[in-house]
Amino acid sequence: MNAVLDNILTRRSVRAFKEEQIPGEDLNAILTAGSYAPNGMGMQSWKFTAVQNAAVIKKVNEAIRRTLLTIPVVPETHPYVASLIEKAKDEHADFLYHAPTYIIVTNLKDSGNAMPDSALAIGNMMLAAHSLGIGSCWLNQLPGLTHMPLIRELLTDLDVPEDHIVYGSVVMGYAAGDTSPAEPRKNVIRIIR
Ligand SMILES: Cc1cc2nc3c(=O)[nH]c(=O)nc-3n(C[C@H](O)[C@H](O)[C@H](O)COP(=O)(O)O)c2cc1C
């Protein structure tokens, strides 16, 4: 099997990380891979904000935690969201898997291509990371809360343009422990000849 296909088939989400930071050179290569993803009309309207500063990662985590605490739990609340809100009651709750690197992908608020463009960029970054021996996991807490005031404040602090929202985010670092092999694939492929 060629190296690219092998890299795609062996990548798995990593949710436990060593403290060791990933080198700047690797981070640059990963972000560059993201920036080479296909994107609608070649607009490159995305921004990749990579955070490697532990104090800033803590600030992001705290903004997520405090925002979750503002959400009322009602009967319609999805059980997963309710569990996140419950978790947020613990002031030490960590929503970023204690990863040393966190990449936030933002893009224009009202653009039809923003979501697919951002997702493709993140896919490229995750595969690039895996090819360098770096683990990653998409995290949906920040994107889910992107319209909340505390998160907007945080994004402004991080120099994210005011007309951007978060479409995806990804934690990265060296995996602490092994990942299990991928689940067998579902029967989703159809070829019409
Ligand atoms: C859009 C999207 C949202 C995701 N959100 C989360 C998340 O919030 N937390 C998490 O731990 N994993 C999240 N994941 C990771 C998926 O759970 C994971 O990719 C899936 O179970 C398949 O496992 P694999 O990545 O190891 O192949 C997300 C993945 C995607 C693509």
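Coordinates for the structure precede this section.
Note that this is a predicted model, so its numbers are computed, not measured.

1. Quick look at the overall build of the chain
Along the chain, the regular secondary structure elements total seven helices and four strands. Secondary structure elements of the chain, listed N to C terminal, follow the sequence α-α-β-α-α-β-α-β-α-α-β. Relative to the globule expectation of 16 Å for 193 residues, the C-alpha radius of gyration of the chain, 17 Å, shows essentially globular dimensions. Projecting the C-alpha coordinates of the chain onto the three principal axes gives extents of approximately 50 × 40 × 40 Å. Of all intrachain contacts in the chain linking residues separated by at least 6 positions in sequence, the fraction that spans at least 24 positions is 81%.

2. Looking at the site of the ligand
Lining the immediate environment of the ligand, one finds Arg11, Arg12, Ser13, Arg15, Tyr97, Cys137, Trp138, Leu139, Asn140 and Gln141. The separation between an oxygen atom of the ligand and a polar side-chain atom of Arg11 is 2.9 Å. Coverage of the ligand by the protein amounts to 61% of the 620 Å² it exposes when considered alone. Ranked by residues supplied to the shell around the ligand, first place goes to strand S3 (residues 135-139) with three residues.

3. Remarks on the sheet that holds S3
Within a sheet, each strand pairs with its neighbour through backbone hydrogen bonds, oriented either parallel or antiparallel. Read across the open sheet, the four strands follow the order S1-S2-S4-S3; overall the sheet is antiparallel. Two strands in the sheet have a free side with no partner beyond their single neighbour: strand S1 (47-51) and S3. Averaged over all adjacent pairs, the angle separating strand axes in this sheet is 25°, with direction ignored. Examined bridge by bridge, strand S2 (residues 101-108) and strand S4 (residues 164-173) share eight bridges and lie antiparallel to one another. Bridge pairing in S4 places Ile103 opposite Val170.

4. Regarding the layout of surface pockets
Computed from the structure, the largest pocket encloses a volume of approximately 410 Å³. Lining the largest pocket are 18 residues, with Ala54, Ile57, Lys58, Asp94 and His98 sitting closest to its centre. Residue composition of the lining of the largest pocket, grouped by class: seven nonpolar, five polar and six charged.

5. Looking at the environment of Asp159
Structurally, Asp159 is set in the loop between helix H7 (149-157) and S4. Considering only alpha carbons, one finds Asp159 and Lys109, 50 residues apart in sequence, at a separation of 15 Å.

6. Description of the nonpolar core
Core analysis: the largest hydrophobic core is formed by 28 residues, its most contacted members being Val60, Ile64, Leu68, Leu96, Tyr102, Leu142 and Val171. A total of five residues in this core trace back to one element, the largest contributor, which is helix H3 (residues 54-68). Contact partners of Leu142, with chain neighbours within four places excluded, come to Val60, Ile64, Tyr102, Ile104, Ile151, Leu154 and Val166. In terms of nonpolar packing, the next biggest core, distinct from the first, is built from 18 residues, Ile22, Ile30, Met125 and Ile134 among them.

Parameters at a glance
- Residues numbered from 1 in each chain as written.
- Predicted model: local features only at pLDDT ≥ 70, side-chain atom pairs only at ≥ 80, totals over all residues.
- Heavy atoms only, no water.
- Helix = DSSP H or I, 4+ residues; strand = E, 2+ residues; numbered from the N terminus.
- Rg over C-alpha atoms; globule rule 2.2 N^0.38 Å.
- Contact = heavy atoms within 4.5 Å.
- Near = heavy atom within 4 Å.
- Polar contact = N/O pair within 3.5 Å; in protein donor to acceptor, adjacent residues only side chain to side chain.
- Areas by Shrake-Rupley, 256 points an atom, 1.4 Å probe, with all protein chains shown as cover.
- Pairing = 2+ DSSP bridges.
- Axes fitted to C-alpha atoms, helices over the stretch in contact; angles between N-to-C directions.
- 1 Å grid on protein atoms, 1.4 Å probe; cavity = no way out; pocket = protein on both sides within 12 Å on 5 of 7 lines; lining within 4 Å.
- Points joined across faces, edges and corners; volume = space filled by probe spheres on them.
- Nonpolar A, V, L, I, M, F, W, Y, C, P; charged D, E, K, R; others polar.
- Core = buried A, V, L, I, M, F, W, Y, C linked by side-chain atoms within 4.5 Å.
- Buried < 20%, exposed > 50% of the residue type's maximum accessible area, 1.4 Å probe, protein only.

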